[in-house]
Protein chains: 2
Amino acid sequence: MKIAVLGGTGDFGVGLVMRWAGEHEIIIGSRGADRAGKAAEEITRILRDRGVEADIRGMENGDAVEESDLVVLSIPYNSTKTMVEELKGRFNDQIVVSPIVPMNRVGKRYMYTPPAEGSAALLIQKILPPSVRIVSAFHTVSSKAIRDMDNLLMGDVIIAGDDQESKRIVADLVRAIRDLRPLDGGDLKVAAQIEGITPLLLNLAKVNGNVIKCPGIAVVLSCPTEKKIESCHL
Amino acid sequence: MKIAVLGGTGDFGVGLVMRWAGEHEIIIGSRGADRAGKAAEEITRILRDRGVEADIRGMENGDAVEESDLVVLSIPYNSTKTMVEELKGRFNDQIVVSPIVPMNRVGKRYMYTPPAEGSAALLIQKILPPSVRIVSAFHTVSSKAIRDMDNLLMGDVIIAGDDQESKRIVADLVRAIRDLRPLDGGDLKVAAQIEGITPLLLNLAKVNGNVIKCPGIAVVLSCPTEKKIESCHL
């Protein structure tokens, strides 16, 4: 699969690229092709030192979209609307993965501040052509934790989307990252519920100080007690 | 401590009563003192069969509030406003614990539908006298799971509130239930983030079918990988 990671030069994007390269053809997307190209070279070198032969290229965002089967929008919420509108003509029938969380710091706490559409995922769906399949995922994976290849990322990734096949593909990308477990959250209308967990986790990290550094979440089964969810149907 | 559980005849209320009785003096509150009294007798008998000597009484809701140091509102969201307004004159400086989740089934999914105040907890705070300390907790504990004493309730209980001392008391009540871990979520303004997890868990249970029956959540530490949160500062 050809995977474009837009914002692929930031911590979260680099983390995804490093963990998927070797298995997939990766295109790092950035505003400037130069910057993307340099990041691609650097990550390729780092992975080679770890014994992984990777196929990573860098491209300007629009070219990266056109080249790919699946696009991860590893971009800040504040630039999402503008950027997706600028790029919409370059999309065809890609799977678009949104880990985007609309949130703001209000006083000493983080609050979920979704757009009128209800969530970042629904905003993106409204802008892009209907042939594009939006999947909401990876919101609770810490950028700091995924960036460091030596970290094991425990926890669940809850996936929302209207198309089962693309959710299945994203579930496999979750499984490709050691110790992350995919869970099907339902259709795209529930994306707000998933996006909203991130400010909660950031507040928990802040309030509980050093105890929690890069929190994630896990859905646990509380009855019967012997079983834990091992996998979902995706 | 004298703990009143309003709605103490429902599954969730009965579960709390059974797990705290023996350590605390419990008052089951209900609309009718008779019904509350019968529930108290029945639970006392069940606990005696398990070797636990409990001090449980049943009272009409208002009397239960006046008699207690801490009041758990184990009531449906739909009756919250009316009931809290009816009872507000009976409160003095109790700690009030709200596990209440405003949610509705919209089509095939559960959605979080908070009041204009932002959350059930903030609605209750607005109605009750300022001397009452509101603590938001226990939203993600399954009624079905807590009702059966043989179930181990794995997972975290995230606690929100403006008064540290009452959060600490509620954290101890969480620890009293085997294998639940308390976490400090922050002040009462973040209660919506905690209440909102319940519809997500119900959707997960529904979408993933038999795999998840009574889900709870656990906050996991993803970096460094060796450590898990053992406790919070509460």
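Shown above is the structure to which this text applies.
Residues numbered from 1 in each chain as written. Chains lettered and ligands numbered in written order. Predicted model: local features only at pLDDT ≥ 70, side-chain atom pairs only at ≥ 80, totals over all residues. Heavy atoms only, no water.

Novice: Outline the sheet that holds strand β9 (residues 155-161) of chain A, supporting the account with residue identities and numerical values.
Specialist: All names here are of chain A. Strand order in the open sheet formed by 8 strands is β3-β2-β1-β4-β5-β8-β9-β10, with mixed pairing between adjacent strands. Each edge of the sheet is formed by a strand with only one pairing partner; in this case those strands are β3 (55-60) and β10 (180-186). Strand-to-strand twist across the sheet, computed as the mean angle between neighbouring axes with direction ignored, equals 25°. Relative to β9, strand β8 (residues 133-136) is paired through 2 bridges, and the arrangement is antiparallel. From the neighbouring strand, Ser 136 faces β9, where its bridge partner is Ala 160. Its contacts with the sheet put helix α2 (residues 33-49) on β2 (25-30) and β3, and the angle it makes with β3 is roughly 165°. Each of β1 (2-6), β4 (70-73), β5 (95-98), β8, β9 and β10 touches helix α7 (residues 164-175); the most contacted strand, β10, lies at about 160° to it. (Pairing = 2+ DSSP bridges. Helix = DSSP H or I, 4+ residues; strand = E, 2+ residues; numbered from the N terminus. Axes fitted to C-alpha atoms, helices over the stretch in contact; angles between N-to-C directions. Contact = heavy atoms within 4.5 Å.)

Novice: Account for the sheet that holds strand β8 (residues 133-136) of chain B, naming residues and giving values.
Specialist: All names here are of chain B. Within the open sheet, the 8 strands sit side by side as β3-β2-β1-β4-β5-β8-β9-β10. Their pairing is mixed. Lying at the two open borders of the sheet, with one neighbouring strand each, are β3 (55-60) and β10 (180-186). Ignoring strand direction, the axes of neighbouring strands in this sheet form an average angle of 25°. Where strand β1 (residues 2-6) lies against strand β4 (residues 70-73), 4 bridges are found, and the strand directions are parallel. Residue pairing across strands places Ala 4 opposite Val 71, the latter belonging to β4.

Novice: So what's going on with helix α5 (residues 120-127) of chain B? Which residues, and what values?
Specialist: All names here are of chain B. Across the 8 residues of α5, 6 count as buried, placing the element largely inside the fold. If you check which residues of α5 are buried, you get Ala 120, Ala 121, Leu 122, Leu 123, Ile 124 and Ile 127. Contacts made by the buried residues of α5 are with β4, α4 (80-87), β5 (95-98), β8 and α8 (191-195). (Buried < 20%, exposed > 50% of the residue type's maximum accessible area, 1.4 Å probe, protein only.)

Novice: Which residues make up the packing of aromatic side chains, and what values do they have?
Specialist: All names here are of chain A. Under the definition given, this model contains 2 aromatic pairs over all chains. Seen in terms of ring centroids, Trp 20 and Phe 138 are 5.7 Å apart; in terms of plane orientation they differ by 65°. Their pairing is edge-to-face. Of this pair, Trp 20 sits in helix α1 (residues 11-20) while Phe 138 sits in the loop between β8 and α6 (143-147), and the two are 118 residues apart along the sequence. Given the relative accessible area of 1%, Trp 20 is considered buried. Residue Phe 138 is classed as buried on the basis of its relative accessible area, which comes to 2%. (Phe/Tyr/Trp six-rings, centres within 6.5 Å; stacked < 30°, edge-to-face > 60°.)

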